[in-house]
Amino acid sequence: MKALVYDGPGRRSWTDRPDPEILAPTDAIVRIDAVTICGTDLHILKGDVPEVERGRILGHEAVGTVVRTGDAVASVKPGDRVLVSCISACGRCEYCRRGSYGQCLGGGGWILGHLVDGVQAEFARVPFADTSVYLLPPSVSDEAALLLADILPTSYEVGVLNGRLRPGDVVAIVGAGPIGLAAITGARLYSPSSIIVIDKEPARLAAAKAAGADVTVQPSEAETAVREASGGLGADVALEAVGVPETFELCAELVRPGGRVANIGVHGKPATLHLERLWIRNVTITTGLVDTSSTPMLLRMLAAGHLDVSRMVTHRFGLQEMDEAYDVFAHPQDSGALKVALFRE
């Protein structure tokens, strides 16, 4: 089969790899019908995630068709159309029993495209299939379902839920990429009084406005916009949706006393934490890896037509065009790309 392989920092290749095999009775082999590229994959290619070994097949967001299952798999069978979650869960350890699947102690967590081969390939082995894939209703398209593999549950759980967003809140979202747009969708479920989105790219700000942002501004205008929306107090919740020091530090500047900063982005470098200013303002800072415990609920809402994800995918490719898709996704300032999707032809 063909697969996208990490060859070390700055290097990747769409190349031949052996077809995956069942290695444990809880595994499923899935034919990949649709897949997407995550900002985390770009972090890996930069060398920001040293746990990823050379030769690893990347990718952790896919929709596919089950072709084989191990003897212990009971919830899916060959021919089933499934969402492959970015998080795998053994279902038995202490953290899985709490619903904290991202911290799984039994061999799960974020492993696809990280610690084991991922899904940017023609076929993939999915460990713990009973607790790591979701049957898809016919009414949900492959493209829409892809957004539930990672970015929607990530922005909802790590951003909206960790940020304890409440009705009437002033919300500042720093970053209008796919995670930032998904954060707008999640935030709107809680009826905030104002959603202010900050980004450098005009095309992304336009996408944020179309997705439901009330105000869109450049970073230099962020403090003024937040103060105007909040009566001078600052944001109740600031969501970091990029993963670089400057955006985290901007969130810490925008939040009001007693407010919350929820970091969603994947960071590869240290950021300065100004505790000398934050402690006296009662600011709460949260970080986190998604658990995907919200995926079943989000899938029900998507099937019922209560989540609009139609604007998030901006570029579409055939699966064999993986290299071109990476180039487009890595240069959004040139292409206007938000989320790219690749489909089996």
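In this text the structure is predicted, and so the values were computed from the model without any measurement.

Trainee: Would you mind showing me how to read the environment of cysteine 104 here?
Mentor: Secondary-structure assignment places cysteine 104 in the loop between helix H2 (94-97) and strand S6 (123-126). Sequence separation between cysteine 104 and leucine 342 is 238 residues; the distance between their C-alpha atoms is 29 Å. Setting aside residues up to four positions removed in sequence, cysteine 104 forms contacts with Ser88, Ala89, Cys90, Cys93, Tyr95, Cys96 and Gly109.

Trainee: How do you make sense of a nonpolar patch on the surface when you look at a structure like this?
Mentor: There is a patch of nonpolar side chains on the surface, built from Leu273, Leu275 and Ile285 and spanning about 240 Å² of accessible area. Tracing the chain through its elements places isoleucine 285 in strand S13 (residues 284-286). When its relative accessible area of 31% is taken as the criterion, isoleucine 285 is described as partly exposed.

Trainee: Sorry if this is basic, but what is going on with the pairing of S6 here?
Mentor: Consecutive side chains along a regular strand alternate between the two faces of the sheet. Where burial is concerned, the two faces of S6 differ: the one with Ala124 and Val126 is buried and the one with Phe123 and Arg125 is not. Alignment of strand S3 (residues 28-36) against S6, held across four bridges, turns out to be antiparallel. Considered in S6, the bridge of isoleucine 29 is made with arginine 125.

Trainee: Looking at this structure, I do not really get the pattern of salt bridges. What am I missing?
Mentor: Opposite charge on two side chains makes pairing possible when the charged atoms of those side chains draw close. Per the stated rule, a full pass over the model turns up 21 salt bridges. As a salt-bridge pair, glutamate 21 and arginine 68 come within 3.7 Å of each other at their nearest N and O atoms. Here glutamate 21 is found in the loop between strand S2 (12-16) and S3, whereas its partner arginine 68 is found in strand S4 (residues 62-69), with 47 residues between them in sequence. Assessed through its relative accessible area of 49%, glutamate 21 is described here as partly exposed. Overlapping salt bridges, with partners in common, bring together Arg17, Glu53, Arg56 and Asp117 in one network.

Scoring rules and cut-offs
Starting from 1, residues in each chain are numbered consecutively following that chain's sequence as written. For a predicted model such as this one, the threshold for reporting local features is a pLDDT of at least 70, and the threshold for listing and counting side-chain atom pairs is 80 or more; totals across whole chains, interfaces and linings nevertheless cover every residue. In computing side-chain properties, one takes all heavy atoms of the structure into account and sets aside hydrogens as well as water. Put simply, DSSP H or I for four residues or longer makes a helix, DSSP E for two residues or longer makes a strand, and each gets a number counted from the N terminus. Only heavy atoms matter for contacts: two residues are in contact if any of them lie within 4.5 Å across the pair. Each patch is built from salt-bridge-free residues with over 30% relative accessible area, joining like charges within 9 Å and nonpolar side chains (Val, Leu, Ile, Met, Phe, Trp, Tyr) within 5 Å. Per-residue and other accessible areas follow the Shrake-Rupley method at a 1.4 Å probe size, with only the shown protein chains counted as cover for residues. Salt bridges, as used here, are contacts in which a Lys or Arg side-chain nitrogen is within 4 Å of a carboxyl oxygen on Asp or Glu. The buried label goes to any residue with under 20% of its type's maximum accessible area, the exposed label to any with over 50%, and the partly exposed label to all in between, with areas taken from a 1.4 Å probe on protein chains only. Pairing between two strands is assigned when DSSP locates at least 2 bridges connecting them.

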